Amino acid sequence: MLHKYSNNRTLADNMRLGSLTSFTAGMINVASFIIFLSFSSNVTGYFAIFAAELVRANYYQVLVVASWIFLFFFGSFFANLFVVHLSEWNRYWAHALPLLLEIFCLAAVGVYGQYFYKETLVETEYLLSLMLFAMGLQNGLTASISNFSVKTTHLTGATTDLGILFSMFTKKQFWNNIELRNKAKLILTIVISYLSGAVVAASTYRYFQFKLFFVVCFILVVVLVYDLYTIKILKYLDVAKRRKAVHTAEKLIAENS
Amino acid sequence: MNYLAGFTLLLIAILVMVAQLKKHVPNPEELILGNWTEKAWQYEKVSNPNELHRKHSVDTMAQSVKDQLGKHLIIHSAETWHFNSHGKLLLRGADTVKMVNWKVKGRGHILELEYANQVIEHYNITELTSTRLVLNFDSDIQVKGIAKLTFDNLDRVTQIQQ
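Procedures and definitions
Residues numbered from 1 in each chain as written. Chains lettered and ligands numbered in written order. Predicted model: local features only at pLDDT ≥ 70, side-chain atom pairs only at ≥ 80, totals over all residues. Heavy atoms only, no water. Helix = DSSP H or I, 4+ residues; strand = E, 2+ residues; numbered from the N terminus. Buried < 20%, exposed > 50% of the residue type's maximum accessible area, 1.4 Å probe, protein only. Core = buried A, V, L, I, M, F, W, Y, C linked by side-chain atoms within 4.5 Å. Contact = heavy atoms within 4.5 Å. Buried area = accessible area lost by both parts, 1.4 Å probe. Salt bridge = Lys/Arg side-chain N within 4 Å of Asp/Glu carboxyl O. Polar contact = N/O pair within 3.5 Å; in protein donor to acceptor, adjacent residues only side chain to side chain. Nonpolar A, V, L, I, M, F, W, Y, C, P; charged D, E, K, R; others polar. Phe/Tyr/Trp six-rings, centres within 6.5 Å; stacked < 30°, edge-to-face > 60°. Lys NZ or Arg CZ within 6 Å of the ring centre and 35° of its normal. Disulfide = S-S within 2.5 Å. Axes fitted to C-alpha atoms, helices over the stretch in contact; angles between N-to-C directions. Parallel < 35°, antiparallel > 145°, perpendicular 65-115°, else oblique. Left-handed = near helix turned anticlockwise from the far one by under 90°.

*Asks:* Mind showing me how you'd approach the overall build of chain A here?
*Replies:* Of regular secondary structure, chain A possesses 9 helices and 0 strands. Shown N-terminal to C-terminal, the secondary structure of chain A runs as helices and strands in the order α-α-α-α-α-α-α-α-α. Its C-alpha atoms give chain A principal-axis dimensions of roughly 90 × 50 × 35 Å. Expressed as a percentage of its 257 residues, the buried residues of chain A come to 46%.

*Asks:* I'm lost on the nonpolar core in this one. Help?
*Replies:* As a rule of thumb, soluble globular proteins bury nonpolar side chains together. Within the largest apolar cluster, 96 residues are counted, with the highest numbers of intra-cluster contacts made by L2 of chain A together with I75, W81, L111 and L113 of chain B. Discounting chain neighbours no more than four positions away, the residues touching L113 of chain B are I75, W81, L89, V100, N101, W102, V119, I120, E121 and Y123 of chain B.

*Asks:* Got a minute to help me understand the interface of chain A and chain B in this structure?
*Replies:* Interfaces are often described in size by the accessible area the parts lose on coming together. Each partner contributes to the interface: chain A provides 29 residues, whereas chain B provides 26 residues. Between chain A and chain B, roughly 2500 Å² of surface is buried when both sides are summed, and carbon and sulfur atoms account for 68% of that area. Put simply, chain A and chain B have 4 salt bridges between them. With a closest N to O distance of 3.0 Å, E119 of chain A and K105 of chain B form a salt bridge. Between the two partners, chain A and chain B, sit 9 residue pairs in polar contact (both at pLDDT 80 or more). No other element matches the 15 residues that helix α3 (residues 59-86) of chain A contributes to the side of chain A that touches chain B. By residue class, the composition of the side of chain A that touches chain B is 18 nonpolar, 7 polar and 4 charged.

*Asks:* Even after reading the chapter, I still don't get the packing of aromatic side chains, so can you show me in this structure?
*Replies:* Each aromatic ring pair is described using two quantities: the centre-to-centre distance and the angle formed by the ring planes. Under the definition given, this model contains 23 aromatic pairs over all chains. Ring geometry for F74 of chain A versus F133 of chain A: centroids 6.0 Å apart, planes at 40°, classification tilted. Of this pair, F74 of chain A sits in helix α3 while F133 of chain A sits in helix α5 (residues 121-145), and the two are 59 residues apart along the sequence. Exposure class is identical for F74 of chain A and F133 of chain A. Each is buried. Seen from their ring centres, F83 of chain B and W102 of chain B are 5.4 Å apart, and the 90° between their planes marks the pair as edge-to-face. Linking F83 of chain B in strand β2 (residues 80-83) with W102 of chain B in strand β4 (residues 97-105), this pair joins segments that are 19 residues apart in sequence. In this structure, R181 of chain A packs its charged tip against the face of W175 of chain A, placed 4.6 Å from the ring centre. For the cation-ring pair, K22 of chain B lies above Y126 of chain A, with the distance from its terminal atom to the ring centre recorded as 5.6 Å.

*Asks:* So what exactly am I meant to see when it comes to the state of the cysteines here?
*Replies:* Note: disulfide means a covalent bond formed between the sulfur atoms of two cysteine side chains. All names here are of chain A. In this structure the tally under the stated criterion is 0 disulfides over all chains. Counting only cysteine sulfurs, C217 is the nearest neighbor of C105, a cysteine outside any disulfide, at a range of 9.5 Å. Note on C105: relative accessible area 5%, which makes it buried. Using a relative accessible area of 7% as the deciding quantity, one classes C217 as buried.

*Asks:* How should the pattern of salt bridges be read in this particular structure?
*Replies:* Where side chains of opposite charge bring their charged atoms close, a pairing between them can arise. All names here are of chain B. Tallied over the entire structure, the rule returns 9 salt bridges over all chains. Residue K103 pairs with E112 through a salt bridge whose shortest N-O separation is 3.9 Å. Accessibility assignment for this pair places K103 and E112 in one class, buried. Of the charged contacts, one joins K103 and E114 as a salt bridge, the two residues approaching to 3.3 Å between their closest N and O atoms.

*Asks:* Can you walk me through the packing of α3 of chain A against helix α4 (residues 91-115) of chain A in this structure?
*Replies:* Residues and elements named next belong to chain A. Packing of α3 against α4 brings their axes to within 8 Å, and their N-to-C directions diverge by 155°. The orientation of α3 with respect to α4, classified from their angle, is roughly antiparallel. The way α3 lies across α4 gives a crossing that is right-handed. On α4, the residues that touch F78, A79, F82, V83 and L86 of α3 are A94, H95, L97, P98 and L101. Classifying every residue of the contact of α3 with α4 by side-chain character gives 9 nonpolar, 1 polar and no charged.

Take a look at the structure:
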């Protein structure tokens, strides 16, 4: 899911990454709406709110919203910073570090919310800031490593693309185009996963409360570990294959001599 | 490497600047403290065009208007609201006094009131200055629409009068 980059990624890689991360984004967004009455996985609405509050001279809200938008941007900046600067050293860790940082942010929200949160406005603002930064990290990372084909924290672009693709499918030549069909499959997977995450969060929040963030962290850990696991298996298989080749070569040499 | 350090420092500087600026702007949680007296209960929007006349009600403080707009809400019997810093709100009516918990949520645009029986009501803070508070809420018991509740800050008004 994480160690492949750009055009080397298969549809299956993108679908696995897209479905798991959009599921968590859906959960985070609904949880933040229920708890804090504000969204945390997209910023389009905040641009409109920023303008409206600016006109109404509500400067406190202007600054709060500006910092949220900026933190989402900062998250995306940070995620791609790791990808751009660390990929030559170790591609897996360059892709995994933003995710680790995201897990840390969301775990911090979960721990603080569960054990220390007194529902003051300042606490709400800081917890939402952490969540928007985390969502910026996630969106930046998935978009960056998938050559902009996996964006998981908001569905505006996905809905637009689906509309375009579905209209194209009214022509047989496009319907038979595997690339377009794969794109539609990927987007539909992301949309369904996001929606499922949102429904799961909305229906279980009452029981889990802030512990819901630990569930999200667990899913993200699965994304991290899945790759470590597959890399280990691939390495093991590679070593086994090489050993077998050496053994066969040795056997042949022995036979010839 | 210089570019990286420069960019990162610039972004952190912007974040610190926004945080510093926020300290100089009044916080809604502080602005709302004190005594507020109800000035008007009005319909701002109605869903049914036949109910448009309700938007132009003359007596905006009549109990009948308050009952119509917010009978399902506990606040409808109050006349003055006292927000204290411990998160308690005292709702004083003509012959009633109620104590509820209050919190400001979202980006400072939602007022949450929680009653003893854990009933929670949310109001949109449309305007909040040192002298005026405007709350909006959905009114859907008799006439569907958005209701508007306007307050004057009693402490400020008294100060100005003196």
